[in-house]
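Summary of the model geometry
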Amino acid sequence: MVLKAFFPTCCVSADSGLLVGRWVPEQSSAVVLAVLHFPFIPIQVKQLLAQVRQASQVGVAVLGTWCHCRQEPEESLGRFLESLGAVFPHEPWLRLCRERGGTFWSCEATRRQAPTAPGAPGEDQVMLIFYDQRQVLLSQLHLPTVLPDRQAGATTASTGVLAAVFDTVARSEVLFRSDRFDEGPVRLSHWQSEGVEASILAELARRASGPICLLLASLLSLVSAVSACRVFKLWPLSFLGSKLSTCEQLRHRLEHLTLIFSTRKAENPAQLTRKANTVASVLLDVALGLMLLSWLHGRSRIGHLADALVPVADHVAEELQHLLQWLMGAPAGLKMNRALDQVLGRFFLYHIHLWISYIHLMSPFVEHILWHVGLSACLGLTVALSLLSDIIALLTFHIYCFYVYGARLYCLKIHGLSSLWRLFRGKKWNVLRQRVDSCSYDLDQLFIGTLLFTILLFLLPTTALYYLVFTLLRLLVVAVQGLIHLLVDLINSLPLYSLGLRLCRPYRLAAGVKFRVLQHEAGRPLRLLMQINPLPYSRVVHTYRLPSCGCHPKHSWGALCRKLFLGELIYPWRQRGDKQD
């Protein structure tokens, strides 16, 4: 039987003593956590191990002996270490020894009980695996969830061993709190044997963070209570709050700040990493917002933007007027219904004149509006971008009105043609059973239906042309707003802290391990070095990505094309099933 003994590299040069760790019988593995040095009192060692077991819920025990031959006579030391097996009984009992020079190792695992099978050896073969205790303690193991069928058995076994090693070291952190500066009853060698690093500033910040977080959490609770007031649930305010991207982003940032300043302690490393990613996202957002604010208020750029905004709006309105005049003629040589073409063209031209009057009425206040918009950047770049998206929606409201008019008229004709086409074929739509059934019509119904079908069919090209032009304009506005929302979601959901760990401390995010052979000689135990494989960047983003605000539902390309063909509104997204009788 081959036993796997995981030995920390920080204990390679430690003095002789006892091996303290955990035995994993399911994997036939021994995880060495520390080396207990002489002198010690056995009862005090047992009390320390009992305290560690109670605090960490890990079966820590004395696994065997460690002999580092420097100046002690090997035979007398070996006899003394063998006698300790009666004081700390454990099956199997490990005996690790590093000989003079440090190039030769001996590793044995003996069992006190007699072998059950005849001819079975009393000693097991041991595979010695070295691991970096600090890296394993600080890392988070991300095992693959989907395994290939051919290697499922072997991969599952190796995955169980790795999970046991990482879990044992992580849960035994209480064992590493004692260092050489503590005058305790025992002396241990582990990764923190040289002492725990301390800082006065860090300790002051830790003690002051509690009251500050409690105060800020109370203020955020008060803001949440005010925002949940009944006044904000009335129709105009609730409608604006659900449609404006700025309100959605402010609610999202309020959730982030509530999570950051929460006084609840993180229960696991995943929650701690999520909070750290949230802090990094908020700090980056505020830093970018302050940079934008300093750029806008420098060299009177806000005044220049205000002076250029009204001429740009006038230019857009003039281009729309030229487009409508082109549609009212013979666009691309197409023959349109002149009466309907003139009615639609004059209707839309009247809306453009109203829009130009509105722009000139608001022109004296544009600079003040832009100044307050720039001031909102101190809340974060995402808030400024969301406000920019809402401003674009307001400035292009006339395009949205044109699109809605054209879409409704086109949708009405499409549904009318489909209904009259069923009448022409002797069928009808059964509303109760939601299906098409056969139906008999009299002569007058068929005549009127055929007449209406002909009229709608010949008026459809004129309506479809206006609908196509204004739909393209609307899609252009939606694409610009979509890019802004994509940038906002990127800032909100990007796990900056995890990416920083992957860049600076790759071992903190472990995808697995690899083994390097240190010694493989006949008559000597196989010695391997376990090294951590870092998690790929794509998997880091996929695993630790923060949830975004999700202001707008997502539809597939097929559903989008269907909506465009049938004349249904694509933005704001509206579902036919949302209406209630």
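Cut-off values and rules
- Residues numbered from 1 in each chain as written.
- Predicted model: local features only at pLDDT ≥ 70, side-chain atom pairs only at ≥ 80, totals over all residues.
- Heavy atoms only, no water.
- Helix = DSSP H or I, 4+ residues; strand = E, 2+ residues; numbered from the N terminus.
- Buried < 20%, exposed > 50% of the residue type's maximum accessible area, 1.4 Å probe, protein only.
- Contact = heavy atoms within 4.5 Å.
- Areas by Shrake-Rupley, 256 points an atom, 1.4 Å probe, with all protein chains shown as cover.
- UniProt positions renumbered as here; feature names shortened; annotations may be inferred.
- Axes fitted to C-alpha atoms, helices over the stretch in contact; angles between N-to-C directions.
- Parallel < 35°, antiparallel > 145°, perpendicular 65-115°, else oblique.
- Left-handed = near helix turned anticlockwise from the far one by under 90°.
- Nonpolar A, V, L, I, M, F, W, Y, C, P; charged D, E, K, R; others polar.
- Expected span 1.5 Å × (residues − 1).
- Arc of directions from axis to C-beta.
- Patch = residues over 30% accessible without salt bridge, like charges linked within 9 Å, V, L, I, M, F, W, Y side chains within 5 Å.
- Salt bridge = Lys/Arg side-chain N within 4 Å of Asp/Glu carboxyl O.
- Core = buried A, V, L, I, M, F, W, Y, C linked by side-chain atoms within 4.5 Å.
- pLDDT = per-residue confidence, 0-100.
- Phe/Tyr/Trp six-rings, centres within 6.5 Å; stacked < 30°, edge-to-face > 60°.
- Lys NZ or Arg CZ within 6 Å of the ring centre and 35° of its normal.
- Pairing = 2+ DSSP bridges.

A few points about the overall build of the protein
When helices and strands are tallied, the protein shows 17 helices and 13 strands. With 581 residues in all, the protein has 39% of them scored as buried. Within the protein, residue pairs in contact and separated by at least 24 positions form 71% of the contacts whose partners lie at least 6 positions apart. Per element, the accessible surface of the protein, about 34,100 Å² overall, is 64% carbon and sulfur.

Structural notes on the UniProt feature "transmembrane region" (unreviewed entry) in the protein
In the numbering adopted here, UniProt assigns the feature "transmembrane region" (unreviewed entry) to residues 343–361, 373–405, 446–469 and 475–499. Helix makes up 82% of residues 373–405 and strand 0%, and the two end C-alpha atoms of the span are 31 Å apart. The distance from the first to the last C-alpha atom of residues 475–499 is 35 Å, and the span holds 92% helix and 0% strand.

Description of the packing of helix 10 (residues 338–362) against helix 13 (residues 397–424)
Remark: helix 10 packs on helix 13, axes separated minimally by 10 Å, with the N-to-C direction vectors making an angle of 155°. The angle between helix 10 and helix 13 falls in the class roughly antiparallel. Two packed elements cross with a definite hand, and for helix 10 against helix 13 that hand is right-handed. Contacts between helix 10 and helix 13 involve L340, L344, F347, F348, H351, I352 and W355 from the first element and F397, H398, F402, Y405, L409 and K413 from the second. Broken down by class, the residue content of the contact of helix 10 with helix 13 amounts to 10 nonpolar, 2 polar and 1 charged.

Quick word on the environment of I369
Position of I369 among the secondary structure elements: in helix 11 (residues 366–375). For I369, a relative accessible area of 39% translates into the label partly exposed.

A look at helix 8 (residues 269–296)
At 3.6 residues per turn, the α-helix brings residues three or four places apart onto the same side. A rise of 1.5 Å per residue sets the reference length of helix 8, with its 28 residues, at 40 Å; its end C-alpha atoms lie 40 Å apart and thus fit the reference within 8%. For helix 8, the set of buried residues is T273, K275, N277, T278, S281, V282, D285, G289, L293 and L296.

A closer look at helix 15 (residues 496–504)
Burial in helix 15 covers these residues: S498, L499, L501 and R502. The buried residues of helix 15 all sit within an arc of 155° when viewed along its axis, so they share a single face. Facing away from the buried side of helix 15, by more than 90 degrees, are the exposed residues L503 and C504. Residues of helix 15 that are buried sit in contact with helix 8, strand 12 (509–519), strand 13 (527–534) and helix 16 (537–544).

A few points about a nonpolar patch on the surface
A cluster of nonpolar side chains, F447, I448, L451, L452 and I455, forms an exposed patch at the surface whose accessible area comes to about 490 Å². Relative to the helices and strands, I455 resides in helix 14 (residues 443–493). Assessed through its relative accessible area of 42%, I455 is described here as partly exposed.

Examining the nonpolar core
Core analysis: the biggest nonpolar cluster contains 35 residues, and F6, L33, L36, Y131, V169, L175 and M530 have the highest contact counts within it. Among the elements that take part in this core, helix 4 (residues 152–171) stands out by supplying 5 residues, more than any other. Beyond its immediate stretch of four places on either side in the chain, V169 contacts V31, L33, Y131, Q133, V136, L137 and F176. Residues L19, V32, L94 and F130 belong to the second largest nonpolar core, which totals 22 residues.

Observations regarding the confidence of the model for the protein
Looking at the protein as a whole, its pLDDT mean stands at 79, while 83% of the residues score no less than 70. Confidence, read as mean pLDDT per element, is least for helix 2 (residues 74–87) in the protein (62) and greatest for helix 15 (91). Contacts of residues 573–581 to residues separated by more than four positions or lying in other chains number 13 contacts, the stretch itself having pLDDT below 50.

A short note on unusual backbone geometry
Backbone geometry places S28, a non-glycine residue, at a positive phi of 55°. With respect to the helices and strands, the residue S28 is situated in the loop between strand 2 (17–24) and strand 3 (29–37). In this structure, Q57 takes a positive phi of about 60° despite not being glycine. Secondary-structure assignment places Q57 in the loop between helix 1 (42–56) and strand 4 (60–68). For Q57, a relative accessible area of 61% gives the class exposed.

Things to note about the pattern of salt bridges
What the rule picks out here adds up to 7 salt bridges. A salt bridge links D437 to R435, with the nearest nitrogen and oxygen atoms 3.0 Å apart. A salt bridge links K563 to E568, with the nearest nitrogen and oxygen atoms 3.5 Å apart.

Let's talk about the environment of Q192
Tracing the backbone shows Q192 in the loop between strand 9 (188–189) and helix 5 (200–227). Separated by 59 residues in sequence, Q192 and Q133 place their C-alpha atoms 9.6 Å apart.

A closer look at the packing of aromatic side chains
In the structure shown here, the tally under the stated rule is 14 aromatic pairs. Here the aromatic rings of F7 and F130 are separated by 6.1 Å at their centres, their planes lie at 90°, and the arrangement is edge-to-face. Here F7, found in strand 1 (residues 2–8), pairs with F130, found in strand 7 (residues 123–131); they are 123 residues apart in sequence, far enough to count as distant. Relative accessible area serves as the criterion here: at 0%, F7 is assigned to the buried category. Directly above the ring of Y537 sits R502, whose terminal nitrogen or CZ lies 4.5 Å from the centroid.

Considering the pairing of strand 11 (residues 435–438)
Bridge count for strand 10 (residues 427–430) against strand 11 is 4 bridges, and the pairing is antiparallel. Residue pairing for strand 11: K427 is matched across the bridge by S438.

What to know about the pairing of strand 2
When you tally the buried positions in strand 2, you get 8 out of 8 residues, the bulk of the element. Strand direction decides the pairing type here: strand 2 and strand 3, joined by 8 bridges, are antiparallel. Bridge assignment links W23 to a residue of strand 3, and that residue is A30. Taking the residues that link successive antiparallel strands as the turn, the strand 2-strand 3 hairpin has 4 residues, and the phi of S28 there is positive, at about 55°. Bridge count between strand 2 and strand 4: 6 bridges; the pairing is antiparallel. Residue pairing across strands places G17 opposite W66, the latter belonging to strand 4.

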